[in-house]
Amino acid sequence: MKNIDAVTERALQYRWAPFTRTRYVEQHGLLSIVRGEGAKVYDANGREYVDAHASLWLVNVGYGRQEIVDAVHRQMQKLPWFSCFEGYTNLPSIDLAEKLVGMLKPEGMDKVFFSGGGSEAVETALKIVRQYWKLRGKPEKYKIVSRNRAYHGVTFGGLSATGMPANRTMFEPLLPGFLHAPCPDPYLREVDAPDDRFALACAQALERVIESEDPRSVAAIIVEPVQGAGGVIIPPDGYLRALREIATRHDVLLVFDEVITGFGRTGEMFGARCFDVRPDIMTFAKGITSGYLPLGATAVSRNVFETFYENEQKGAFRHGNTYSGHPAACAAALANLDIIEREDLAGNARKIGARLLEGLRTLSKHEIVGFVDGVGLLARVQLVRDRKTRALFAPELGVADRVARRVRELGVIMRPLPNDALSFSPPLCLTALEADTIVAAVDRSIGEVAGTV
Ligand code: PLP
C-alpha cells in the first residue's frame with residue numbers, strides 16, 4: 001500500500017464505500033475534500049481544485065451558498081421534521097410542490113411526490129406506472145422498456161431498468177418485465193444507419209422491442225434525456241420526439257429520468273424542454289437541492305394523477321418513504337431553485353457550456369480522442385484506441401482513469417466513465433476562466449497519457 005494517509009487508513013479500517021473497489025483505494029488513497037466555494041473545492045491541505053463534475057453531477061448552484069444553509073437552519077430550528085403521511089403535513093413540502101408544478105407548467109406536470117433521492121424517485125415512477133394501468137383496467141400492461149447503458153439507480157426497480165451489465169450481474173435475478181432497447185450513442189453505435197437516418201433508426205429499434213413483446217403488455221418507456229453514467233450520450237436530433245410519438249401510438253407512458261438533466265444542466269431548465277418533449281412522468285434528485293440535502297421527486301401529468309384520483313376506491317397509492325417531503329430538504333430545494341432562477345444558471349450553462357465544449361473539441365488533435373460532444377454544462381470526451389475503427393482500449397488499461405488522475409494532479413476533478421468516456425458536469429456557476437482551466441488540464445493530461453498507451 002502506497003499513498004496511504006491517516007484519513008484513508010481510517011476509511012479502510014471502518015467504512016465500506018459506495019461503488020468503490022477497496023483495492024483501488026489501497027493503491028491510490030482517498031482525496032478528502034473539506035471545503036468548497038463556487039465551482040472550486042479544497043482538500044485537507046488547502047489545495048484548490050476546479051470541480052468539473054459538480055461531485056456526482058449535482059452541485060448545480062456551486063458550493064458555499066449561505067442562503068441555502070440559512071434556509072435549512074431556519075427550518076430545522078422551527079421544525080426539523082414532520083411526516084406527510086395519513087392526514088398530516090409539514091409546510092415546506094407543499095411550498096416546494098407548488099414551486100415545482102409552476103416550473104414544470106410547460107411540461108404539463110400537475111402533482112409532485114417526494115422521496116429521498118434519485119433511486120427512490122425512479123422506484124416511485126415505476127410503481128406509479130404499474131398501478132396506473134391496473135387502475136385503468138389493463139393489468140396486463142406491466143413491462144418497462146429502457147435502453148442499454150441506461151442508469152436509473154440502485155434499488156431493484158431502477159436497477160432492473162438500468163442497462164449497465166457491470167451494475168446488474170451480481171444482483172440477478174432482477175425484476176421480470178424489464179426490456180432493453182439499443183442505446184442511441186451517435187459514436188459507439190449499436191444501430192447501423194446512415195447519419196441522416198440514425199435518430200429514426202434508433203427510435204424504430206426501440207419500437208421493435210415494444211412490438212416484439214406485444215404493445216398490449218408494455219406499460220412505459222423510461223429514458224434519461226441525456227444518458228449520464230452510461231457515457232454522457234446526447235441523443236441524435238429528433239430521437240426523443242420520436243419516442244414520444246411511439247409511446248402515444250402504443251398507449252405507453254413516457255417517463256423522463258431527469259435526475260441529472262433537471263434544473264439547468266442542459267442549458268434549459270429541464271431536459272424535456274431542451275429536447276422539446278412532454279413526458280407523462282418525470283423524476284428528479286441531485287440538482288433539486290444541489291446536494292445541500294438529499295431529496296428526490298417524481299412529477300406526474302394531470303392524466304396520471306386523475307387516474308389515481310378517480311379510481312381511488314380500487315386502491316390508494318400505497319407507497320412512500322418516511323422521509324417523503326422532509327421539511328429541511330424541501331427548504332434547501334426552495335432556496336436552491338431560487339438561486340438557479342435568479343442567477344439564470346441555465347443561461348450560464350448554455351453560455352459557459354458552449355465555451356467549454358469549444359475548448360474540449362480542440363482536444364481532437366490528440367489521436368486517442370475519438371469524439372467530443374456536449375449540451376449545456378454536460379460534456380463527453382470519448383477516448384479510443386483506434387479512431388478509424390472506433391475500437392476502445394482494453395478496459396484493464398484504465399486509460400480514462402489515468403487521464404482523470406493526472407487531471408486531478410493538475411488541479412481539476414472530473415470523472416472517467418465506463419468505455420473510457422471522460423465526463424464533465426461542473427457547477428452551473430462555472431466561470432469562463434474555470435472552463436479554460438479544465439480544458440488546459442485535460443489537454444495536458446491526455447497528451448501525457450497518450451504517449452504511454
Ligand atoms: N437516475 C439517474 C439518471 C441517475 O443519474 C441517478 C444517479 O446518478 C439515479 C437515477 C439514482 O439516483 P441516487 O443515486 O440519488 O439514488
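For every chain, the first residue of its written sequence is number 1, and the numbers climb from 1 along that sequence. Note on the predicted model: pLDDT of at least 70 is required for a residue's local features to be given, and 80 or more for side-chain atom pairs to be given and counted; whole-chain, interface and lining totals, by contrast, use all residues. To obtain the side-chain values, all non-hydrogen atoms of the structure were included, while hydrogens and water were left out.

### Side note on the overall build of the protein chain
For the record, the criterion: Numbered from the N terminus, helices here are DSSP runs of H or I no shorter than four residues, and strands are runs of E no shorter than two. Two things to know: the radius of gyration comes from C-alpha atoms, and the globule rule equals 2.2 Å times the number of residues to the power 0.38. The classification of residues rests on relative accessible area computed with a 1.4 Å probe and restricted to protein chains. Under 20% of the type maximum is buried, over 50% is exposed, and intermediate values are partly exposed.
Tallying secondary structure elements over the protein chain gives 16 helices and 15 strands in all. The C-alpha atoms of the protein chain give 22 Å as radius of gyration, which agrees with the globular expectation for 453 residues (22 Å, within 12%). In terms of overall dimensions, the protein chain has C-alpha extents of about 65 × 60 × 45 Å along its principal axes. Residue burial in the protein chain is summarised as follows: out of 453 residues, 56% are buried.

### Comments concerning the environment of Leu383
Our working definition: In this analysis, two residues are considered to be in contact whenever any of their non-hydrogen atoms come within 4.5 Å of each other.
Counting through the fold element by element, Leu383 comes out in strand S12 (residues 378–383). Given a relative accessible area of 0%, Leu383 falls into the buried group. Once the C-alpha coordinates of Leu383 and Phe114 are considered, the two residues, 269 residues apart in sequence, prove to be 38 Å apart. In contact with Leu383, not counting residues within four places along its chain, are Ile368, Val369, Leu392, Val399, Ala400, Val403, Asn419, Asp420, Leu422 and Ile446.

### Observations regarding the sheet that holds strand S10 (residues 296–301)
Going by this rule: Here, a strand pair is defined by DSSP locating no fewer than two bridges between the strands. Angular values range over 0 to 180 degrees, each being the angle between N-to-C directions of two axes fitted as lines to C-alpha atoms, with helices fitted over their stretch in contact.
Strand order in the open sheet formed by seven strands is S4-S10-S9-S8-S7-S5-S6, with mixed pairing between adjacent strands. On the outer flanks of this sheet lie strand S4 (109–115) and strand S6 (178–181), each paired with one strand and no other. Between one strand axis and the next, the sheet turns by 20° as a mean value, whatever way the strands run. The sheet contact formed by strand S9 (residues 281–284) and S10 spans four bridges and is antiparallel. When the sheet's bridge partners are listed, Met282 is paired in S10 with Ala299. With respect to the sheet, helix H12 (residues 302–310) is in contact with S4, strand S8 (253–257), S9 and S10, its orientation differing from that of S10 by roughly 90°.

### A word on a nonpolar patch on the surface
Here is the rule we go by: Each patch groups residues whose relative accessible area exceeds 30% and which form no salt bridge, using 9 Å between like charges and 5 Å between nonpolar side chains of Val, Leu, Ile, Met, Phe, Trp and Tyr. Under the convention used here, a 1.4 Å probe and the Shrake-Rupley method define accessible areas, while residue burial counts only the protein chains that appear. Each salt bridge in this description consists of a side-chain nitrogen of Lys or Arg and a carboxyl oxygen of Asp or Glu lying within 4 Å of one another.
Residues Phe156, Met170, Phe171 and Leu175 make up a contiguous nonpolar surface patch of roughly 450 Å² in combined accessible area. If you trace the backbone, Phe171 turns up in the loop between helix H8 (165–168) and S6. According to the relative accessible area criterion, Phe171 is partly exposed, its value standing at 47%.

### A word on the nonpolar core
Stated formally: Here the nonpolar core consists of buried residues drawn from Ala, Val, Leu, Ile, Met, Phe, Trp, Tyr and Cys, with membership extended through side-chain atoms lying within 4.5 Å. Where each domain begins and ends follows an automated or database-derived domain assignment.
Counting residues in hydrophobic clusters, the biggest one holds 108 residues, and the most contacted among them are Leu100, Ile221, Val381, Leu383, Leu422, Phe424 and Ile446. If you count residues domain by domain, this core takes at least three from each of domain 1 (31–61 + 344–450) and domain 2 (68–342).

### Remarks on unusual backbone geometry
If a residue is not glycine, its phi is most likely negative; likewise, a peptide bond is most likely trans. Between Glu172 and Pro173 the backbone carries a cis peptide bond, its omega angle lying at 5°. Within the element layout of this structure, Pro173 appears in the loop between H8 and S6. Unlike most non-glycine residues, Phe19 shows phi in positive territory, near 50°. Locating Phe19 in the fold gives a position in the loop between helix H1 (6–14) and helix H2 (22–28). Overall, the relative accessible area of 64% leaves Phe19 in the exposed class. Positive phi, close to 45°, is recorded for Glu86, a residue that is not glycine. With respect to the secondary-structure elements, Glu86 resides in the loop between helix H4 (66–78) and helix H5 (92–103). Glu86 sits in the exposed class, given a relative accessible area of 73%.

### What to know about helix H15 (residues 399–409)
Quick reminder of the rule: As used here, the arc is the angular range of directions from the helix axis to the C-beta atoms.
Within H15, burial applies to Val399, Ala400, Val403, Ala404, Arg406 and Val407. One face of H15 carries all of its buried residues, which in axial projection span an arc of 165°. Directly beyond the C-terminal end of H15, a positive phi value near 95° is found at Gly411.

### Brief notes about the domain arrangement of the protein chain
Accessible area lost upon the coming together of the parts serves often as the stated size of an interface. Note the following rule: Here the quantity called buried area is the total loss of accessible area, with a 1.4 Å probe, experienced by two parts when brought into contact, counted for both. Polar contact criterion, stated in full: a pair of N or O atoms within 3.5 Å, where within protein one must be able to donate a hydrogen and the other to accept it, and residues adjacent in sequence count only if both atoms are side-chain atoms.
Entries for the protein chain in the domain assignment read domain 1 (31–61 + 344–450) and domain 2 (68–342). With centres defined by C-alpha atoms, the gap from domain 1 to domain 2 works out at 26 Å. Taken residue by residue, the interface counts 35 residues in domain 1 and 36 residues in domain 2. Summing both partners gives a buried area of about 2700 Å² for domain 1 against domain 2, and 62% of it is carried by carbon and sulfur. By the criterion of area lost to domain 2, the three top residues of domain 1 are Trp57, Val61 and Arg380, representing 23% of everything that side buries. At the junction of domain 1 and domain 2, the tally comes to one salt bridge. For the salt bridge of Arg380 with Asp185, the shortest nitrogen-to-oxygen distance reads 2.9 Å. At the boundary of domain 1 and domain 2, one finds 16 residue pairs in polar contact (both at pLDDT 80 or more). Going through the elements one at a time, helix H3 (54–57), helix H14 (345–361), strand S11 (369–375), S12 and strand S15 (421–424) are the ones with two or more residues in the side of domain 1 that touches domain 2.

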